[in-house]
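Given next are the chains, with one letter for each unit.
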Amino acid sequence: MPASNIVFTVANTEPRNAQDWQQVKRNALNLVASGEWLLSSPANKDQRVWQQSANTLLAAATAVAKAADANDVEAVNNAGNDLYASCESCHAHYPTKPNFKSY
Ligand code: HEC
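In this report, we go over the structure that sits alongside the text. If you're wondering where the values come from, they're calculated on a predicted model, not measured in any experiment.

1. Some remarks on the site of the ligand
Okay, so step 1: Contacts to the ligand come from 15 residues, most closely from Ser 4, Cys 87, Cys 90, His 91 and Phe 100.
Okay, so step 2: Interatomic distance of 2.8 Å between a side-chain N/O atom of His 91 and a nitrogen atom of the ligand.
Okay, so step 3: Going through the elements one at a time, α3 (48-69) and α4 (73-93) are the ones with two or more residues in the shell around the ligand.
Okay, so step 4: Considering only residue class, the shell around the ligand consists of nine nonpolar, five polar and one charged.

What follows is the structure, given as structure tokens:
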């Protein structure tokens, strides 16, 4: 969640300098690692929604990292929408804890 919040914040507050963009990229790469980890979890290999959501997360996070390299706000936000959709689709299908709040 902290990593994705950094990405979602770009919709409200544009990165101002190279350091800000670097931070967006670093957090996107953390999300790429999360996506890889979610995909590799053996218990979920045959679960369609899980695989789709994790694949979407991985692709969206990869796109955010590329967009951050290009200092492209619009591309970060577009990929951010896909990223958000991946969180929602997985949580809609798999149980989260009571009192769960996405953001
Ligand atoms: C592939 C499925 C999947 C995807 C994609 C996914 N999640 Fe989750 N998430 C889960 C599951 C399952 C749980 C519940 C885990 C548990 O209760 O042990 C969870 C729990 C959480 C929690 C609660 C953790 C806690 O300790 O209570 C947060 C916060 C969260 N997810 C954020 C996100 C965000 C933000 C994204 C997207 C960037 C995301 N998740 C994408 C499956 C997913």
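2. Some thoughts on the coordination of the iron atom of the ligand
Okay, so step 1: For the iron atom of the ligand, the protein supplies a single donor, His 91 (NE2), at a distance of 2.0 Å.
Okay, so step 2: Locating His 91 in the fold gives a position in helix α4.

The rules behind each value
Residues numbered from 1 in each chain as written. Predicted model: local features only at pLDDT ≥ 70, side-chain atom pairs only at ≥ 80, totals over all residues. Heavy atoms only, no water. Near = heavy atom within 4 Å. Polar contact = N/O pair within 3.5 Å; in protein donor to acceptor, adjacent residues only side chain to side chain. Helix = DSSP H or I, 4+ residues; strand = E, 2+ residues; numbered from the N terminus. Nonpolar A, V, L, I, M, F, W, Y, C, P; charged D, E, K, R; others polar. Donors = N, O, S within 2.8 Å, 3.2 Å for Na, K, Ca; no water.

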